[in-house]
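Spelled out, the chains give:
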Amino acid sequence: MSTEFVLTNVQPNGAAARDVVIRNGRIAEILPHGSRPFPAGTATVDGEGLLMLPGLVDAHTHLDKTLLGMPWYRNDVGLELIDLIENERRMKRELGIDPARQSAAQIERSVANGTTHIRTHVDIDTEYGLAGLEGVLASRERYRDIVDIEIVAFPQSGMLIRPGTVDLMERAMREGADVVGGLDPSGVDRDPKGHLDTIFAMAERHGKPVDIHLHEPDALGTFAIELIVERTKALGMADRVTVSHGFCLGMLADKPLARLAGMMAETGVHLMTKGGAASPRPPVLDLTEMGVKICSGSDGVRDTWQPFGNADMLDRAAIVSQRNDFINDVHIELALRLCTHGGAHTMALEGYGLEPGCDATFVLVRAETPADAVASRPVRRAVYRKGIPVAKDGALIAA
Ligand SMILES: [Zn+2]
């Protein structure tokens, strides 16, 4: 592919047909289709009237422990969080879950589905040490020309309750992790202040963001978010802190919800929601209207917790839509925005979008509008990263 070419006749975000001039991996110009003849010899690619969306952003997944490509795993696990965590730790060894091999399997699926940016949580614990991180780092390097991957050091088995974990987290941050993770400060670690002080101090030391899995319900979850907001404010970490799941936001009456959402919006604490069917639902529309920044992600894709998931962020936008009773186009497009600009904002991506000057990183699908793309989940006709085609007709072009 030459360093300059014109992608003709595409519909950016469903707008009227445009010709997009791409130069040195970036969008140089966007012109009404056919409005300007290009000099003889200009390389062109026929966009066939396809819908153009910015590259999809999976802002929360677990690349190190997917079972994609492995034999079917019969799930007989209990439903308590601790059952799932302990079973998974055992199964990693019994099933031979190789973080490098498994992350590669999901990355290839994700890119073929139009995902160009991934934030993955990677388990750090005293049993497997940094094995998950090392495997995902290897895959990040291997696929660096087709996808951007951000790694969260995630204390899946608990942090303060398992001595040695904090030291491993520190090492993970030194050895390539980009974000400090956390997990249920009260529910798992039994010490909300200790847990949050530890991870925020680590984030401050390394100059990195924070992303906390928070499954805690009602008042307990509310208390955790209040503590997170306090620390975000004290350290000036606006837009660098994410609460993942935040189920308590789906369990509150209007007044306490408005109070908590107001605090999150004011301090720049983001929310990640996946719209899961079995868990309380943070109300995406209400929270957006209250100013909370929201992103979405696949979370676990076919793992020992549950067998569902396909690493498809258009599918995720449909799940978020259905979980939030979104039926209007404008609301469905909001759900899709969680999977594009929402994730880009949480991950602080530079050059993201479909404006001149942005990276030429985008997806082409046969759909009339963005809402149609969410409802239909058509095959990804083409995926480009920085002006280079990386997937075509739902398959990777080259690994
Ligand atoms: Zn997760």
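What counts and how
- Residues numbered from 1 in each chain as written.
- Predicted model: local features only at pLDDT ≥ 70, side-chain atom pairs only at ≥ 80, totals over all residues.
- Heavy atoms only, no water.
- Salt bridge = Lys/Arg side-chain N within 4 Å of Asp/Glu carboxyl O.
- Helix = DSSP H or I, 4+ residues; strand = E, 2+ residues; numbered from the N terminus.
- Buried < 20%, exposed > 50% of the residue type's maximum accessible area, 1.4 Å probe, protein only.
- Right-handed = clockwise from strand over helix to strand, strands pointing away.
- Pairing = 2+ DSSP bridges.
- Donors = N, O, S within 2.8 Å, 3.2 Å for Na, K, Ca; no water.
- Tetrahedral: all angles 85-135°; square planar, octahedral: opposite > 155°, others 65-115°.
- Phe/Tyr/Trp six-rings, centres within 6.5 Å; stacked < 30°, edge-to-face > 60°.
- Contact = heavy atoms within 4.5 Å.
- Axes fitted to C-alpha atoms, helices over the stretch in contact; angles between N-to-C directions.
- 1 Å grid on protein atoms, 1.4 Å probe; cavity = no way out; pocket = protein on both sides within 12 Å on 5 of 7 lines; lining within 4 Å.
- Points joined across faces, edges and corners; volume = space filled by probe spheres on them.
- Left-handed = near helix turned anticlockwise from the far one by under 90°.
- Nonpolar A, V, L, I, M, F, W, Y, C, P; charged D, E, K, R; others polar.
- Domains from an automatic or database assignment.
- Buried area = accessible area lost by both parts, 1.4 Å probe.

Q: Sorry, what's going on with the pattern of salt bridges here?
A: Close approach of charged atoms allows side chains of opposite charge to pair. Under the counting rule described, the total for this entry stands at 27 salt bridges. Between Arg23 and Glu4 there is a salt bridge whose closest N-O contact spans 2.9 Å. Of this pair, Arg23 sits in strand 2 (residues 18-23) while Glu4 is found in strand 1 (residues 4-12), placing the two residues 19 residues apart along the sequence. Overall, the relative accessible area of 34% leaves Arg23 in the partly exposed class. Owing to a relative accessible area of 33%, Glu4 belongs among the partly exposed residues under this scheme. Taking the shortest distance from any N to any O, the salt bridge between Arg377 and Asp315 comes out at 2.8 Å.

Q: Hey, could you run me through the pairing of strand 10 (residues 241-245) in this one?
A: Two faces belong to every sheet, and in a regular strand the side chains alternate between them. Here strand 10 lies mainly inside the structure; five of its five residues are buried. For the segment spanning strand 9 (residues 210-214), helix 6 (residues 218-234) and strand 10, crossover handedness is right-handed. As paired elements, strand 10 and strand 11 (residues 269-272) share four bridges and run parallel to each other. Across the sheet, residue Thr242 finds its bridge partner in strand 11, namely His270. Where the polypeptide runs from strand 10 across helix 7 (residues 254-267) and back to strand 11, its parallel neighbour, the crossover connection is right-handed.

Q: What is the right way to read the pairing of strand 2 from this model?
A: Of the strand pairs in this sheet, strand 1 and strand 2 are connected by five bridges, and their pairing is antiparallel. Bridging from a neighbouring strand, Val10 pairs with Arg18 of strand 2. The turn linking strand 1 back onto strand 2 is made up of five residues, and Asn13 within it adopts a positive phi angle of 55°. Pairing of strand 2 with strand 3 (residues 26-32) involves six bridges; the strand directions are antiparallel. The partner of Ile22 across the bridge, within strand 3, is Ile27. The antiparallel hairpin formed by strand 2 and strand 3 contains two residues in its connecting segment, where Asn24 sits at a positive phi of about 50°.

Q: Even after reading the chapter, I still don't get the coordination of the zinc ion, so can you show me in this structure?
A: Four donors placed tetrahedrally about a metal ideally form angles of 109.5 degrees, and six donors placed octahedrally ideally form angles of 90 or 180 degrees. Protein coordination at the zinc ion comes from His60 (NE2), His62 (NE2), His213 (NE2) and Asp299 (OD), with a distance range of 2.1 to 2.2 Å. One can describe the site at the zinc ion as irregular: its four donor atoms subtend angles covering 90 to 169° at the metal. By relative accessible area, which is 5% here, His62 ends up buried.

Q: What is the right way to read the packing of aromatic side chains from this model?
A: For any pair of aromatic rings, the description rests on two quantities: the centre-to-centre distance and the angle between the ring planes. All told, the structure shown has two aromatic pairs when counted by the stated rule. Among the aromatic residues, ring-to-ring pairing joins Phe5, Phe362 and Tyr384 into one connected group.

Q: I tried to follow the environment of Asp254 on my own but got confused; where do I start?
A: With respect to the helices, strands and loops of the structure, Asp254 is situated in helix 7. Residues Asp254 and Leu349 lie 95 residues apart in sequence; the distance between their C-alpha atoms is 33 Å.

Q: Looking at this model, I keep getting lost on the sheet that holds strand 12 (residues 294-295). Mind explaining?
A: Through backbone hydrogen bonds, the strands of a sheet pair up, either in parallel or in antiparallel fashion. The sheet built from eight strands is open, its strands ordered 5-6-7-8-9-10-11-12 with parallel pairing. Because the sheet does not close on itself, it has two edges, and the strands there are strand 5 (56-61) and strand 12. Where strand 5 meets strand 6 (residues 115-123), four bridges bridge the pair, whose relative direction is parallel. Residue pairing in the sheet places Val57 in a bridge with His117 of strand 6. Those strands touched by helix 3 (residues 131-142) are strand 6 and strand 7 (148-154), and its axis lies near 175° from that of strand 7.

Q: Would you mind going over the layout of surface pockets with me for this structure?
A: Gaps left between atoms show up when a probe the size of a water molecule is rolled over them. Estimated volume of the largest pocket: approximately 1100 Å³. Considering the residues around the largest pocket, the lining is formed by 42 residues, among which Lys274, Ala278, Ser279, Trp305 and Gln306 are closest to the centre. Of all elements in the fold, only helix 1 (81-95) and helix 9 (313-323) reach the threshold of two or more residues within the lining of the largest pocket. Take the lining of the largest pocket: its biggest share by element is three residues, from helix 9.

Q: Where do I start with the packing of helix 5 (residues 192-206) against helix 6 in this structure?
A: The relative placement of two packed helices is expressed as an angle between their axes plus a distance between the axes. At a minimum axis distance of 11 Å, the contact between helix 5 and helix 6 shows a crossing angle of 35°. Crossing handedness for the pair helix 5 and helix 6: right-handed. For the pair helix 5 and helix 6, contact is made by Pro192, Lys193, Leu196, Asp197 and Phe200 and by Phe223, Ala224, Leu227, Ile228, Arg231 and Thr232, respectively. Class assignment of the residues belonging to the contact of helix 5 with helix 6 gives a composition of seven nonpolar, one polar and three charged.

Q: Would you mind showing me how to read the domain arrangement of the protein chain here?
A: How big an interface is tends to be stated in terms of accessible area lost as the parts join. What the domain assignment lists for the protein chain is domain 1 (4-54 + 353-396) and domain 2 (56-346). The C-alpha-based centres of domain 1 and domain 2 are spaced at 30 Å. Taken together, the 21 residues of domain 1 in the interface contact 25 residues of domain 2. Summing both sides of the interface, domain 1 and domain 2 together bury roughly 1800 Å²; the carbon and sulfur share of this comes to 69%. Scanning the region where domain 1 abuts domain 2 turns up three salt bridges.

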